[in-house]
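# Geometric and topological summary
As a plain string of letters, each chain reads:
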Amino acid sequence: KELLSEIDPIKFISYQIMGNKSNSSDISLLWEYGPHAISLLLDIYKNDPTQIQGWAKPSKKECDEITLKLKFPDQTEPFVKLSWSSIKKRELTLICKKGSLIYNDLQLNRLTLIKDVGANIKKTYPAYNHQLPLDAELDEFIQAISKKQDIKRSNLDFGIKVTKILHLAEQSIKNKGEAVNVSF
């Protein structure tokens, strides 16, 4: 997130989580991968979306591919692609005014910063915290308990917000992509 200040403002975001179909028949693609995508976008924007749309490609029993489009107050519209029927891919791409930031969980150099410097393009592979998101949440939870502090990032209110957005996405999918307004 610190790198975003070097290339801001955000013009477009694409987030793709694909592959690794669950063997369990009672798991929904939206509810398996969606919480991570939505919480990541809320963390990046530091703002709530105003609208969400969702489309699904059905298979025999359930949805194998889902596309979500969120609209934020600054009018940017990030897209999220979730799929069990594709090759494994975990990639977040942020296109900004002064460059791009790409996080690819399956590459050796996971983080790529591309800066537009006049006629030249500068590509770097910045260092970043390799801690897994769940480990970071657990550390914050343990610190909050041991120091009797509030949980800042993944508290109950945040979890409720993510759940509500996913529920609205589910409504949009059921209504063939009809836009649903988000309000809290």
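Our subject is the structure that appears above.
Residues numbered from 1 in each chain as written. Predicted model: local features only at pLDDT ≥ 70, side-chain atom pairs only at ≥ 80, totals over all residues. Heavy atoms only, no water.

## Focus: the overall build of the protein
Of the regular secondary structure elements, the protein holds four helices and nine strands. In terms of C-alpha radius of gyration, the protein reaches 17 Å, essentially the compact-globule figure of 16 Å for 184 residues. Oriented by its inertia axes, the alpha-carbon framework of the protein measures out at about 50 × 45 × 35 Å. Looking at the protein as a whole, 36% of its 184 residues qualify as buried. Sequence-distant contacts, at least 24 apart, represent 56% of the contacts inside the protein between residues at least 6 apart. For the protein, the exposed area adds up to about 11400 Å²; of that, 53% sits on carbon and sulfur atoms. (Helix = DSSP H or I, 4+ residues; strand = E, 2+ residues; numbered from the N terminus. Rg over C-alpha atoms; globule rule 2.2 N^0.38 Å. Buried < 20%, exposed > 50% of the residue type's maximum accessible area, 1.4 Å probe, protein only. Contact = heavy atoms within 4.5 Å. Areas by Shrake-Rupley, 256 points an atom, 1.4 Å probe, with all protein chains shown as cover.)

## Observations regarding the pairing of strand β2 (residues 51-58)
Bridging between β2 and strand β3 (residues 63-71) involves eight bridges; their strand directions are antiparallel. By the bridge assignment for β3, Gln 51 is matched with Lys 71. Both β2 and strand β9 (residues 180-181) contribute to a ladder of two bridges, which runs antiparallel. Counted as the bridge partner of Ile 52 is Val 180 from β9. (Pairing = 2+ DSSP bridges.)

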